[in-house]
Amino acid sequence: MNMTTHIKPLSKRAAWNALNTHYKKVQSLHLRTLFADDPKRGERMTAEAAGIYLDYSKNRISDETLKLLVQLAGESGLREQIDAMFRGEKINITENRAVLHVALRALRGTSILVDGKNVVPQVHAVLDKMADFSNRVRQGAWKGHTGKSIRNIINIGIGGSDLGPVMAYEALKHYSDRRMTFRFVSNIDGTDFAEAVQDLDPAQTLFIVSSKTFTTLETMTNARTARAWLLKGLSGDEKSIAKHFVAVSTNETEVAKFGIDTANMFGFWDWVGGRYSMDSAIGLSTMLAIGPDNFSAMLSGFHQMDEHFRITPFERNLPVLMALLTIWYTGFFDAHTIAVLPYEQYLKRFPAYLQQLTMESNGKYITLDGIQVDYQTSPVYWGEPGTNGQHSFYQLIHQGTRFIPCDFIAFGTSLNPLGRHHDMLIANVFAQAEALAFGKTAEQVKAEGTPNWLVPHRVFEGNRPSNIIFADRLTPEILGKLVALYEHCVFTQGVIWQIDSFDQWGVELGKVLAQRIIPELESKSEPELAHDSSTNNLIRRYRRNKS
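Residues numbered from 1 in each chain as written. Predicted model: local features only at pLDDT ≥ 70, side-chain atom pairs only at ≥ 80, totals over all residues. Heavy atoms only, no water.

The chain is annotated in an unreviewed UniProt entry as Glucose-6-phosphate isomerase from Candidatus Brocadia sinica JPN1. On record in UniProt, under Catalytic activity (unreviewed entry), the comment for the chain is "alpha-D-glucose 6-phosphate = beta-D-fructose 6-phosphate". Its UniProt record, at the heading Sequence similarities (unreviewed entry), says of the chain: "Belongs to the GPI family." (UniProt positions renumbered as here; feature names shortened; annotations may be inferred.)

Participant: Got a sec to walk through helix H9 (residues 217-233)? Specific residues and values, please.
Facilitator: Between its first and last C-alpha atoms H9 spans 24 Å; for 17 residues at 1.5 Å apiece the expected length is 24 Å, and the two agree. Of all the positions in H9, only Glu218, Thr219, Met220, Asn222, Ala223, Ala226, Arg227, Trp229, Leu230 and Leu231 are classed as buried. Positive backbone phi, at 60°, marks serine 235, one or two positions downstream of H9. (Helix = DSSP H or I, 4+ residues; strand = E, 2+ residues; numbered from the N terminus. Expected span 1.5 Å × (residues − 1). Buried < 20%, exposed > 50% of the residue type's maximum accessible area, 1.4 Å probe, protein only.)

Participant: I'd love a proper account of the pairing of strand S13 (residues 466-471), names of residues and values included.
Facilitator: Counting buried positions along S13 yields five of six residues, so the element is predominantly enclosed. In terms of strand pairing, strand S12 (residues 406-411) meets S13 through six bridges, oriented parallel. Within the sheet, the bridge partner assigned to isoleucine 409 lies in S13 and is isoleucine 469. (Pairing = 2+ DSSP bridges.)

Participant: Please provide a residue-by-residue account of the packing of helix H6 (residues 120-138) against helix H13 (residues 292-311), values included.
Facilitator: Where H6 contacts H13, the two axes come as close as 10 Å, and the packing angle between them is 150°. Relative to H13, the element H6 is oriented roughly antiparallel. Along its contact with H6, which presents Leu127, Met130, Ala131, Ser134 and Asn135, the element H13 presents Pro292, Phe295 and Leu299. When its residues are assigned to classes, the contact of H6 with H13 shows six nonpolar, two polar and no charged. (Axes fitted to C-alpha atoms, helices over the stretch in contact; angles between N-to-C directions. Parallel < 35°, antiparallel > 145°, perpendicular 65-115°, else oblique. Contact = heavy atoms within 4.5 Å. Nonpolar A, V, L, I, M, F, W, Y, C, P; charged D, E, K, R; others polar.)

Participant: Go over the UniProt feature "active site" (unreviewed entry) in the chain with me, naming the residues and quoting the values.
Facilitator: Sequence positions flagged by UniProt for "active site" (unreviewed entry) are, in local numbering, Glu360, His391 and Lys511. A maximum C-alpha distance of 37.5 Å shows the annotated residues, which cover 152 residues in sequence, to be distributed over more than one spot. Along the chain, glutamate 360 turns up in helix H15 (residues 350-362). When residues no more than four places from it in sequence are discounted, the contact partners of glutamate 360 are Arg275, Gln355, Asp503, Gln504 and Val507. At 2.9 Å, the side chain of glutamate 360 forms a polar contact with the side chain of arginine 275. Turning to its location among the elements, histidine 391 is positioned in the loop between strand S11 (380-382) and helix H16 (394-399). Residue class for histidine 391 comes out exposed when judged on its relative accessible area of 72%. (Polar contact = N/O pair within 3.5 Å; in protein donor to acceptor, adjacent residues only side chain to side chain.)

Participant: Account for the pairing of strand S1 (residues 46-49), naming residues and giving values.
Facilitator: In this structure, S1 lies alongside strand S2 (residues 52-55), joined through four bridges in antiparallel fashion. From the neighbouring strand, glutamate 48 faces S2, where its bridge partner is tyrosine 53.

Participant: So what's going on with helix H22 (residues 533-546)? Which residues, and what values?
Facilitator: Spanning 14 residues, H22 covers 20 Å between terminal C-alpha atoms, matching the ideal 20 Å at 1.5 Å per step. Within H22, the full set of buried residues consists of Asn536, Ile539 and Arg543. Viewed end-on, H22 has its buried residues packed into an arc of 65°, placing them on one side of the element. Every exposed residue of H22 that faces more than 90 degrees away from the buried side is listed here: Ser533, Leu538, Arg541, Arg544 and Asn545. The inward-facing, buried residues of H22 contact helix H21 (508-522). The backbone nitrogen of serine 534 lies 3.0 Å from a side-chain oxygen of the residue at the head of H22, namely aspartate 532. (Arc of directions from axis to C-beta.)

Shown next, in the form of structure tokens:
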């Protein structure tokens with residue numbers, strides 16, 4: 001049942017219209033003025049939960065803006081939808097599924113029902129099985145076909161079966177077992193696989209094949225190539241497959257057909273979307289890298305943020321505040337993108353992970369009622385670690401014509417303290433946010449003795465908004481909190497925009513067409529082509545090139 005049918009369309013909600021009127025009054029208000037008129041603003045416009053501190057004071061909002069945005073969340077049925085999600089109701093309406101990534105980190109003994117059945121015991125049964133397997137591999141008890149211990153782990157997956165594990169491995173590398181090598185293969189481009197196995201010994205290599213259906217084109221193509229590579233290195237003995245492959249899947253028949261022992265198959269459920277699955281069995285490579293205890297700490301972090309989101313009033317709720325600011329900027333300031341800028345090298349893959357989480361979730365133009373939206377939905381999320389980005393694209397954020405809100409992510413303590421490095425890193429975070437907000441006036445530039453002709457080039461308008469997300473240090477627990485923060489931010493946006501954040505029909509069409517084109521590229525005889533003239537011409541050109 002669509003619970004939001006009683007919700008008015010966005011443009012008809014009272015708070016949205018009030019925000020429209022309010023925007024006209026405040027659109028030209030500068031952050032310099034907002035801070036000058038309220039000396040305590042920087043201390044007041046902050047929120048903290050579960051070890052994460054959010055400073056949202058450098059946003060182009062007043063107390064009135066915030067009040068209206070919170071009112072919009074209420075009018076959009078956000079409280080009811082949060083409760084419905086946590087109850088296991090089927091809020092993914094186009095696929096008639098529950099949305100229960102929160103169950104993946106629910107405490108043992110909790111009850112969350114799907115179709116009348118408590119799913120939490122199933123979750124913990126899989127986690128226990130993962131922990132047992134991880135311990136055996138990490139301690140050398142699990143041997144390969146020739147009796148050697150496993151030293152190389154290759155995760156084969158794509159989308160949520162790759163981006164989450166890659167990001168988590170890089171983010172938590174500090175905690176990983178350095179005696180082991182971890183690689184990730186996702187692209188169907190043969191180079192991805194070839195480079196991943198280049199220097200590895202098949203006798204010490206374990207593949208994790210992650211595919212819910214065990215039919216995903218890219219994943220299974222790479223898995224079959226991995227199978228052939230392994231057999232070639234182990235004298236073609238088919239029995240070796242069972243010692244060097246495990247599966248994260250729900251399709252027992254296909255897993256067995258591949259040669260994987262189904263005792264080494266780790267399941268998950270259709271109420272977990274791929275991009276929300278890094279803390280499920282999809283995270284097996286993460287657990288192998290950092291160990292079950294650290295994985296458990298990460299799950300605890302997820303759960304703490306889940307509880308904060310579930311029970312905290314919206315005006316102090318971190319994911320809700322971040323979502324409302326995005327709604328404000330996309331809906332009224334015409335922001336097309338948001339930059340996510342982690343000042344932590346270990347989070348170098350975090351922006352790429354967020355790209356799928358945000359844009360696959362909310363890149364929709366049809367509402368839950370099947371009507372085309374008349375407002376902007378998901379912005380483009382992108383970013384790179386600081387300080388690298390400062391020397392590439394920050395110029396555009398500071399002085400370009402685009403309006404780009406930023407999320408700065410920083411930590412009080414370095415995991416690798418080296419002299420002054422961390423103080424210099426954090427000084428840059430604070431300085432960039434300050435420069436974006438307040439800029440530099442022509443008078444200030446002139447006072448520095450700048451020639452008149454050069455003054456316009458050195459003026460910074462400022463008034464460019466940012467959030468600072470701050471925590472003590474990057475731990476497995478904090479990573480769980482950070483990911484859950486953005487997961488619930490995405491959910492909140494989707495509720496207000498009245499779209500289904502949990503389907504992804506947009507990825508299907510290209511995949512279907514590719515299945516049609518593959519035999520046309522591989523056919524020995526000239527195929528009869530019925531595409532458009534461009535596609536037909538490109539197919540013919542590729543075939544000529546091949547031959």
